Structure formats: structure tokens, C-alpha cells
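Observations on the three-dimensional arrangement
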Amino acid sequence: MKRAIALSGGGTKGSYEVGVWKALLEKDIDYQIVTGTSIGSINGAFMVTKQYDEAYELWNTITMADMMEDGINLTETLEGILEQKQAIRPFLKKYVKNKGADISPYTEFVDRMIDEQAVMDSDIDYGLVTVQFPSLKGIELAKKDIPRGMLKEYILASSAIFPLFPMHKIGTETYLDGCYYDNLPIDFAFKMGADEVIAVDLRNSPAHPNYVNRPYVTYIKPSSSLGTMMNFDHQLLLDNMQMGYCDAMKMFGKYKGFLYTFTKFHAFYWKAKIEKFSSLIAKAEAVCSENSLKKLAKPGDMKNAFGELEAHLGEGRRTKEDYFIRGAELAGEVFALDKREVYEFSDFIKKLRGKILAKELCDGADLFVKKNKHSILVKLTDWSLNKDSAYITSCIYFALKEEKIDSYEKAGCLTILPKELLAAAFLFVCL
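Please read these numbers as outputs of a predicted model, since none were measured by experiment. (Residues numbered from 1 in each chain as written. Predicted model: local features only at pLDDT ≥ 70, side-chain atom pairs only at ≥ 80, totals over all residues. Heavy atoms only, no water.)

Another aspect to go through is the overall build of the protein. From N to C terminus, the protein includes 18 helices and 10 strands. Here the protein, with 431 residues, has 53% of them falling under the buried criterion. For the protein, the share of sequence-separated contacts (at least 6 apart) that also reach a separation of at least 24 residues comes to 71%. Carbon together with sulfur atoms contributes 51% to the accessible area of the protein, which is approximately 20,000 Å² in total. (Helix = DSSP H or I, 4+ residues; strand = E, 2+ residues; numbered from the N terminus. Buried < 20%, exposed > 50% of the residue type's maximum accessible area, 1.4 Å probe, protein only. Contact = heavy atoms within 4.5 Å. Areas by Shrake-Rupley, 256 points an atom, 1.4 Å probe, with all protein chains shown as cover.)

Rendered as C-alpha cells:
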């Protein structure tokens, strides 16, 4: 039985793959084949030679200066770009001159970091993906197909992400980044002899959705955004590495959670609360379907609530336990608990308890005592525009606790404030 690791391209998002590797080591999961595209071909070379410490050190110390001359971070915000406005002009001048960024530091970096002899001599097979230009023909190369002394050249070809990086020439041939053919080489891994594959995607939406639920593929992808492909912010790289570790541990059954990470979640201990939360959701859905409420909420409006619950769940049938955990996560988001931490589930609940606003600050809980349904809806709409989620959730929590919410208000909350109602319902059930 041969197991392969398939690694995605994605620039600086690649630190996520090293976090997954850490989980593989802790779970003592071995592999006989590694395939990679672009940054995956670099991380893959380290995996083939089993140099985890060196890979970690690379991502712990890498800077823009290791990649390009006069480079700029491609952050997700306009502010991040404007902070680098002094660097933009020299970057653009060299970009035009070189028909892409000046990546001479990256070429030296690959030459320094990759031990070609160790890769070629390893018992673990290795493959990378690149693309010929101008034919745009995808090229899959196992190490047996790569001439001695040329591995680093083909890694540079696999990661020539034009137009940011210039195309890469080897002899008379010109190459582009392998992402233009297959950014996550699962197929290649099977062609190289794998019986099962652990695939590490760097995209939130899967590059190969057909493989997500296959029994012979363990598909690991980010639970949150990894940022842009060229952002060298040190903390972001470390956070993404931690995310990769946690997401992998969830896939391997060590941890629970979707957006957050939980240890020591024992479903039998929480069974009664899981059932109660599920019952609340079911009754809320029924409220939206009542004939008397057609003007207030349509049956389809419940999708807003289910959309909140089902975000990050992935494909497949949802369970009551899934909804319960997502209820906890929605409350965590409302009260801004750190997604990077690993929590014992009971401790997470305690932290949430401490975040609920004091009752005397939640005067809005009395809103639901009013009899005028229209005025309640107007006020809920005003809340959605002008109040923060922590205040709204705390008010709904106290209203639920004191039995001030009836079917009409519940329907209004579902259609206008689904996240806050679900978070408050979770807290009501658990506290």
C-alpha cells in the first residue's frame, strides 16, 4: 500500500503545508511518494528528504528579500499597499525591465535550500508539475525523468508564476508555473503508483472538488483565508502554519471543530445539550413556515440561519453534533475569541460565559416584550445596522433566558440577525 502526499501551489500560503507536515509527524503517518506544484515542489523536496526542521526554519525566517529585488508584499488591503508606496516605483521599473519581477534572490534561494543529491537518493519518490510555453502543455516529471543536476532548474520552472515571475528557460524550452496545468497534482500521484493520497490544498474552494469525498483521498484545505500568495508578514506565515496543523489534526480525528479547534469534545457528555440545540433550530425553522407569519418571513428565509450553521462544514450530510459545534463557533466569532488557539471545549464555553455583557447593559432584551410586531422588526433592523454583535447576542440571550421571545420575534431574528440568534441559542442551551 503506497501513500502519497500531494502539495498545492500558492506562494507564501505554502507555510500551511509545513503545519500539515507537523501533524503527519505527530500522527506517525508515513508516505512513499510526494508530488508538488510551485511552492509545493519546494516543500515536497524537503518532505522527500525528511528535513522538517529545515523547512520550519525556512518559513520562520523567509522574507521578501529571499524572493525578489525591491519586492512588495501583496497584502489584502489597500492600506497595506499604500504603506509600501515608496517601494512600488523601483519594483515596477525592474518588473518592466525583466518582463517580471527580478527573482535573482529566489534563484539563489532555491540553489541554497534544495539538496538535490538527497532528493535523488531518497527512497521516497518525488514528482513536480510545470507547463511548456507557448504550447501550454502540462509536464509531469517524476525524479526518474529529471536529468541529474537539473532538479533545481525544474523547481524554478514549476514555480515560474508568470506574469509576476518571469518565465523560466531550460535549454531551448520555456516553462511556466505548474498551476496553469494542475495546481494540486493528485492525479499525478496516482499515476506514480499511489494507492491513497493525502492532498493539501491552499485554496478555500477545492481545486479538485471531485476528490474531496473519495475514500482514497484525505483532502485537507484551509478553514480560513490564508491571505494572498505573496505576503511575507511573519506572523501571518506562522498563523497559517498553525492553521495547517490544526486542520490536519481535525481530518485525522485528533481534534474537533471547523473554524475553531477543540480538544476533549466528548459527544456523549454533551448529548442532552446537542439535542436541545437541535430542537431549538427545528422549532425556529417551523416558525418560519407558519401561515400566520408569511408576511414576516418566508420559508426560504431560514436558509440564512442554515447558511451560518453550515459555513465551513464542507460536503456531506450534516449531523446534530456538527450544528452544535458550529453554534459554539458562531458564538466564538461574535465575541471575537482567537481562532488560532486550541481549546478544550469546556474551557471554550467558560470563555464565552465571561464574554456575555452584563445584564444591566442589555436593555435591548426588553424589546421583545413589546406587542407591536412591526416596531420589533424595525428595531431589529436598526440593531443590524448600528449595534455590534456582542450586544445583540447578549440581549437575545437574556430574552431567551427570561422567556421574553415568542414565535414572531424568533422569526424576525432569523431573517435579520441569524448569526446572533444562533449564537444566543447556543449560549442559552449551554449556560
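Using the criterion set out here, one finds 26 aromatic pairs in the structure. Seen in terms of ring centroids, Tyr245 and Tyr255 are 6.3 Å apart; in terms of plane orientation they differ by 75 degrees. Their pairing is edge-to-face. With a gap of 10 residues between them, Tyr245 in helix H10 (residues 234-251) and Tyr255 in the loop between H10 and strand E9 (261-263) connect regions that are remote in the sequence. Judged by centre distance (4.8 Å) and plane angle (85 degrees), the rings of Phe265 and Phe345 are edge-to-face. You can see Phe265 sitting in the loop between E9 and helix H11 (271-289) and its partner Phe345 sitting in helix H14 (residues 345-355), a full 80 residues away along the chain. For Phe265, a relative accessible area of 10% translates into the label buried. (Phe/Tyr/Trp six-rings, centres within 6.5 Å; stacked < 30°, edge-to-face > 60°.)

The description of two packed helices rests on the angle between their axes and on the distance between the axes. With their axes 8 Å apart at the nearest point, helix H16 (residues 389-401) and helix H18 (residues 418-430) run at an angle of 50 degrees to one another. Classified by the angle their axes make, H16 and H18 are oblique. Two packed elements cross with a definite hand, and for H16 against H18 that hand is right-handed. From H16, Ser389, Ile392, Thr393, Ile396, Tyr397, Leu400 and Lys401 reach across to H18, where they touch Glu420, Leu421, Ala423, Ala424, Ala425, Leu427 and Phe428. (Axes fitted to C-alpha atoms, helices over the stretch in contact; angles between N-to-C directions. Parallel < 35°, antiparallel > 145°, perpendicular 65-115°, else oblique. Left-handed = near helix turned anticlockwise from the far one by under 90°.)

So, about the nonpolar core. In terms of nonpolar packing, the biggest core is built from 63 residues, with Tyr106 and Leu151 touching the most fellow members. Sort the elements by how many residues they give to this core and H10 lands first, with 7 residues. With residues near it in sequence (within four places) discarded, Leu151 still touches Ile114, Glu116, Val119, Met120, Tyr126, Leu128 and Ile146. If you look at the next biggest cluster of nonpolar residues, it comprises 58 residues, including Leu259, Leu309, Leu380 and Ala424. (Core = buried A, V, L, I, M, F, W, Y, C linked by side-chain atoms within 4.5 Å.)

Inspection of the secondary structure puts Leu24 in helix H1 (residues 15-26). Each C-alpha atom of the pair Leu24 and Ala248 lies 7.9 Å from the other, and the pair is 224 residues apart in sequence. Setting aside its immediate chain neighbours within four residues, Leu24 contacts Ile5, Ile29, Met47, Ile198 and Phe252.

The pLDDT averaged across the protein works out to 87; a share of 87% of its residues lies at or above 70. Note that pLDDT drops below 50 for residues 75-88; the model gives that stretch 16 contacts with residues more than four away or on any other chain. (pLDDT = per-residue confidence, 0-100.)

Turning to the pattern of salt bridges, a few remarks are in order. For the structure on display, the rule yields 20 salt bridges. A salt bridge links Asp239 to Arg340, with the nearest nitrogen and oxygen atoms 3.2 Å apart. Taken together, the residues Asp239 in helix H10 and Arg340 in the loop between helix H13 (320-334) and strand E10 (342-344) connect sequence positions 101 residues apart. Assessed through its relative accessible area of 40%, Arg340 is described here as partly exposed. Among the salt bridges present, the one from Lys379 reaches Asp382, with a minimum N-O distance of 3.9 Å. Placement of the pair is Lys379 and Asp382 together in helix H15 (residues 373-386), with a separation of 3 residues, close to one helical turn. A single salt-bridge network, built from bridges that share partners, covers Lys359, Asp366, Glu402 and Lys404. (Salt bridge = Lys/Arg side-chain N within 4 Å of Asp/Glu carboxyl O.)

This part is about the environment of Ile170. Among the structural elements, Ile170 can be located in strand E5 (residues 168-170). With a relative accessible area of 10%, Ile170 lands in the buried category. Along the backbone, Ile170 and Ala157 are 13 residues apart, and their C-alpha atoms lie at a distance of 8.1 Å.

What follows deals with unusual backbone geometry. The step from Phe133 to Pro134 runs through a cis peptide bond, and the omega angle for that step is 15 degrees. As for its position among the elements, Pro134 is in the loop between strand E3 (125-133) and strand E4 (138-142). Of note in the backbone geometry, Glu403 takes a positive phi value of approximately 55 degrees without being a glycine. Take Glu403: it is sitting in the loop between H16 and helix H17 (407-416).

Right, let's talk about the side chain of Asp66 for a bit. Take Asp66: it is sitting in the loop between helix H3 (52-61) and helix H4 (78-82). In terms of polar contacts, Asp66 uses its side chain to reach the backbone amide nitrogen of Thr63, at 3.0 Å. In contact with Asp66, other than residues within four places in its own chain, are Thr61, Pro105, Tyr106, Phe109 and Arg112. (Polar contact = N/O pair within 3.5 Å; in protein donor to acceptor, adjacent residues only side chain to side chain.)

This part is about helix H8 (residues 151-158). Among the 8 residues in H8, 7 count as buried, and that is most of the element. Residues of H8 that are buried: Leu151, Lys152, Tyr154, Ile155, Leu156, Ala157 and Ser158.

All right, on to the pairing of E4 then. When E3 meets E4, the two strands line up antiparallel, connected through 5 bridges. What sits directly across from Thr130, in E4, is Ile139. Once E3 ends, the chain turns through 4 residues before running back antiparallel as E4, passing Leu136 with a positive phi of about 60 degrees. (Pairing = 2+ DSSP bridges.)

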